[in-house]
Amino acid sequence: MTDIRVLADDAQYRAHNTLFRRAMHWGPPTDEKWEIGRRTYEPGRVIAAFDGDTMVGTTQTFASSMVVPGGAVVPHAAVSRVGVRADYTRRGVLSGLMREQLSTVPDPVATLRASEGRIYGRFGYGLAGRVRFLRIDARKAVIPGSPVGRVRMVDPDTSDKLVPELHQAFGLDRPGQISRWPGWWAIHQDRKGEAENLVTVVHSGPDGDDGYVSYKVSEDDDFKHHMQVEDFAWANTDAWRDLWIYLTRLDLVDTITVDAALDDPINWLFEDPRVVFTKDVFDQIWLRLVDVPRMLAARAYGAAAPVVIEVHDKLLPANDGRYRVSSDGVERVDAPADITIPVDLLGAVYLGDTKFSDLAAARRIEGARFDEADALFASPVAPLCSTFF
Ligand SMILES: CC(C)(COP(=O)(O)OP(=O)(O)OC[C@H]1O[C@@H](n2cnc3c(N)ncnc32)[C@H](O)[C@@H]1OP(=O)(O)O)[C@@H](O)C(=O)NCCC(=O)NCCS
């Protein structure tokens, strides 16, 4: 039998970090790495499972905020460092940690990246957003026309200060995007220091700085140069297009890889749309509605007749109930339900990536009037989270 404790000091945080890293088959943090790692531990947000005095499982959250359909920004918990000691797995350690985390987290929504697709549904997380991994044939990538703004290279000290400001100003551009916390930037800047060849360029238009991209170029055994785009945000399509002109006109680069939203119109930039190849579409955002009434009220809805949705939540029964969703908003009602849905699948439709009618086709939900529910929950913009954690 294990018990769950909130960790509070540096030695425990380091043991937590080591346990998680070992669960992922990585080595423990070196003293040097721990100088950075400790900055990612936020008091009150770090828990561990113990068997007596032995730590056997870990998880924590980072405080951030997330964009929901319609553009509102809500407090968000980024769940991370989920790990159980290999000699304690499949005995309910993670289940205990998840129950504790969900019942104490102060934020109305939590998201995570899942190492495996079968772990988190049982805890109420639904697959709410996917990402496209693109490869671009840079030698053939011709964007007609000239840039309209100016792209300038910035030195590391400048980018350390400027990029967080720019990300906060225009990086929260679609549902699923999250704000970055100080510990995230600490890790990012450490990685940047290690990757000597990481370059950041900033775009400016008539109103000042309005886009940036960070990338690194490496050479493979065949003397081919490959660019990986690490971080990319823009405030308007002029900045987006100009930065792509810059990237695709760089000397020596043969291929470029970048992560993009499912609806990113990048193919249309190029004379030959085939220079953009989708290598994979992968699950990205696993979303848990912690406070269903608050989260349903936070987002905007499309135009359609109202639908009554009955939500079931085994771990957080306060969310159980019927909600009448209309284009004017949401209210709790006693009326008969049109659709019955478990909380993980409500998470899956929340950002607009998945439709009720698809879940009904797969016999995952029951009811009627799925088309109206699809129209209400539709988002004109596909979700994406450009911040890995
Ligand atoms: C994934 C991990 C945290 C699960 O911890 P755990 O303590 O074994 O999980 P639990 O015993 O609480 O399992 C709860 C349920 O989830 C299932 N489950 C757990 N991990 C699973 C996995 N990787 N694949 C499929 N099912 C899994 C269990 O079988 C159990 O099902 P049941 O309730 O029907 O019996 C642990 O195996 C681990 O640390 N893995 C390596 C690191 C990792 O992948 N971390 C996640 C990073 S996102």
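Here the structure is a predicted model, which means the values were calculated and not measured.

**Looking at the pairing of strand 11 (residues 253–260)**
Item 1. With six of eight residues buried, strand 11 lies mostly within the body of the structure.
Item 2. Relative to strand 11, strand 6 (residues 126–137) is paired through six bridges, and the arrangement is antiparallel. Looking at the pairing, Leu134 lines up with Val258 of strand 11.
Item 3. Where strand 10 (residues 225–234) meets strand 11, four bridges bridge the pair, whose relative direction is parallel. Bridge pairing links Met227 to Ile256 in strand 11.

**Observations regarding the nonpolar core**
Most often, soluble globular proteins keep nonpolar side chains buried together rather than apart.
Item 1. Residues Leu287, Ile341, Leu346, Phe356, Ile365 and Phe377 are the most contacted members of the largest nonpolar core, which totals 49 residues.
Item 2. Take this core: its biggest share by element is five residues, from helix 8 (residues 343–350).
Item 3. Residues within four places of Ile365 in sequence aside, it is in contact with Ile339, Thr340, Ile341, Pro342, Leu345, Phe356, Leu359, Ala360 and Phe370.
Item 4. Membership of the second largest hydrophobic core comes to 27 residues, among which are Val201, Leu243, Trp244 and Tyr246.

**Quick look at the sheet that holds strand 15 (residues 329–333)**
Item 1. The sheet built from five strands is open, its strands ordered 15-14-13-16-17 with mixed pairing. Each of the sheet's edge strands pairs with one partner strand only, and the pair in question is strand 15 and strand 17 (366–367).
Item 2. The pairing of strand 13 (residues 307–312) with strand 16 (residues 339–342) spans four bridges and is classified as parallel. The residue of strand 16 that forms the bridge with Val311 is Ile341.

**Side note on the UniProt feature "binding site: acetyl-CoA" (unreviewed entry) in the chain**
Item 1. Here the UniProt feature "binding site: acetyl-CoA" (unreviewed entry) sits at Val82, Gly83, Val84, Arg90, Arg91, Gly92, Val93, Leu94, Ser95, Ser115 and Glu116.
Item 2. Summarising the element assignment, Gly92 is placed in the loop between strand 4 (73–84) and helix 3 (93–104).
Item 3. Here Leu94 shows up in helix 3.
Item 4. Owing to a relative accessible area of 16%, Leu94 belongs among the buried residues under this scheme.
Item 5. In this structure Leu94 touches Val82, Val84, Ile119 and Phe123, once residues within four positions along its chain are discounted.

Parameters and conventions
- The numbers attached to residues start from 1 for each chain and follow its sequence in the written order.
- Two thresholds apply to this predicted model, a pLDDT of at least 70 for residue-level local features and 80 or more for giving and counting side-chain atom pairs, whereas whole-chain, interface and lining totals are computed over all residues.
- For the side-chain quantities, the full set of heavy atoms in the structure was used; hydrogens and water were omitted.
- Relative accessibility decides the category of a residue: with a 1.4 Å probe and only protein chains considered, values under 20% of the type maximum give buried, values over 50% give exposed, and everything between is partly exposed.
- Starting at the N terminus, helices and strands are each numbered in turn, a helix being any DSSP run of H or I of at least four residues and a strand any DSSP run of E of at least two.
- Here a strand pair is declared whenever DSSP counts at least two bridges between the two strands.
- Throughout this description, the term nonpolar core refers to a set of buried Ala, Val, Leu, Ile, Met, Phe, Trp, Tyr and Cys residues connected via side-chain atoms within 4.5 Å.
- Any two residues whose heavy atoms approach within 4.5 Å are treated as being in contact.
- UniProt positions are given in the numbering used here, feature names are shortened, and annotations may be inferred rather than shown by experiment.

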